[in-house]
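An overview of the molecular structure
Okay, here's what each chain looks like letter by letter:
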Amino acid sequence: MAEFRSAVPHVGESRRLIIIDISPQDGPRNLIVAVNPEIILRDGEAHEEEGCLSVPEYYSRVESNACIKVKYLDLDGKEVVLDCAGLLAIAFQHEIDHLDGILFIDHLSPLKKSMCRKKRKKTMAHNQEIL
Ligand SMILES: [Zn+2]
């Protein structure tokens with residue numbers, strides 16, 4: 001499974017901020033900080049396996065766009081338009097969904113969603129037993 005690390009801090013009401021890092025785990029960091037990101041073009045289909053810190057220990061294939069064009073402001077307030085494909089495109093879509101209150105499991109079929117809920121309950125019960 002492809003990996004990316006990111007965070008979605010809440011910084012006031014008018015700013016939506018995501019931080020994406022798709023650099024290899026043992027390589028130098030390459031953070032992309034995107035303020036008010038917006039997908040302005042979508043193309044193609046991707047079916048990558050995704051996971052999320054918000055839904056621990058659950059992974060599933062998710063349909064998304066293979067290529068996107070994203071517009072955002074960098075930390076200096078300069079407008080950036082970026083063509084993304086592969087892991088970067090998936091990371092942007094995943095994180096922008098978070099900003100809109102959507103989790104990757106919201107893209108799954110009702111059956112897969114309920115499997116995820118069951119697994120989550122089991123994991124939470126198990127974690128309480130450990131505590
Ligand atoms: Zn996530």
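As the structure is a computational prediction, the values presented were derived from the model and not from experiment. (Residues numbered from 1 in each chain as written. Predicted model: local features only at pLDDT ≥ 70, side-chain atom pairs only at ≥ 80, totals over all residues. Heavy atoms only, no water.)

Quick word on the overall build of the protein
Scanning the protein from terminus to terminus reveals two helices and seven strands. Ordering the α and β elements of the protein from the N terminus gives β-β-β-β-β-β-β-α-α. Relative to its full complement of 131 residues, the protein shows a buried share of 31%. Of all intrachain contacts in the protein linking residues separated by at least 6 positions in sequence, the fraction that spans at least 24 positions is 50%. Of the roughly 8,700 Å² that the protein leaves accessible, carbon and sulfur atoms contribute 53%. (Helix = DSSP H or I, 4+ residues; strand = E, 2+ residues; numbered from the N terminus. Buried < 20%, exposed > 50% of the residue type's maximum accessible area, 1.4 Å probe, protein only. Contact = heavy atoms within 4.5 Å. Areas by Shrake-Rupley, 256 points an atom, 1.4 Å probe, with all protein chains shown as cover.)

Description of helix 1 (residues 86-99)
With 14 residues, helix 1 extends 21 Å between its outermost C-alpha atoms, agreeing within 8% with the 20 Å of an ideal straight helix rising 1.5 Å per residue. Most of helix 1 sits inside the fold, with 10 of its 14 residues counted as buried. Taken together, the buried positions of helix 1 are Leu 88, Ala 89, Ile 90, Ala 91, Phe 92, Gln 93, His 94, Glu 95, Ile 96 and Asp 97. Looking at the residues trailing helix 1, positive phi occurs at Gly 101, about 75°. (Expected span 1.5 Å × (residues − 1).)

Some words on the environment of Gly 86
Note that Gly 86 resides in helix 1. The spatial distance from the C-alpha of Gly 86 to the C-alpha of Ala 46 is 8.3 Å, given a sequence separation of 40 residues.

Side note on the environment of Ile 90
Mapped onto the elements, Ile 90 comes out in helix 1. With 43 residues separating them in the primary sequence, Ile 90 and His 47 have C-alpha atoms 9.6 Å apart. When residues no more than four places from it in sequence are discounted, the contact partners of Ile 90 are Phe 4, Glu 48, Glu 50 and Ser 64.

With respect to the state of the cysteines
Counted by the stated rule, this structure contains zero disulfides. Cys 84 takes part in no disulfide bond, and the closest cysteine sulfur to it belongs to Cys 67, at a distance of 9.2 Å. Of the cysteine sulfurs around Cys 116, a residue in no disulfide, the closest is that of Cys 52, at 9.9 Å. (Disulfide = S-S within 2.5 Å.)

Description of the pattern of salt bridges
Any two side chains of opposite charge can pair, so long as their charged atoms come close to each other. Taken as a whole and judged by the stated rule, the model has four salt bridges. Residues Asp 100 and Arg 16 are paired through a salt bridge, measuring 3.1 Å at the closest nitrogen-oxygen approach. Here Asp 100 is found in the loop between helix 1 and helix 2 (110-130), whereas its partner Arg 16 is found in the loop between strand 1 (5-7) and strand 2 (17-21), with 84 residues between them in sequence. Residue class for Asp 100 comes out partly exposed when judged on its relative accessible area of 46%. (Salt bridge = Lys/Arg side-chain N within 4 Å of Asp/Glu carboxyl O.)

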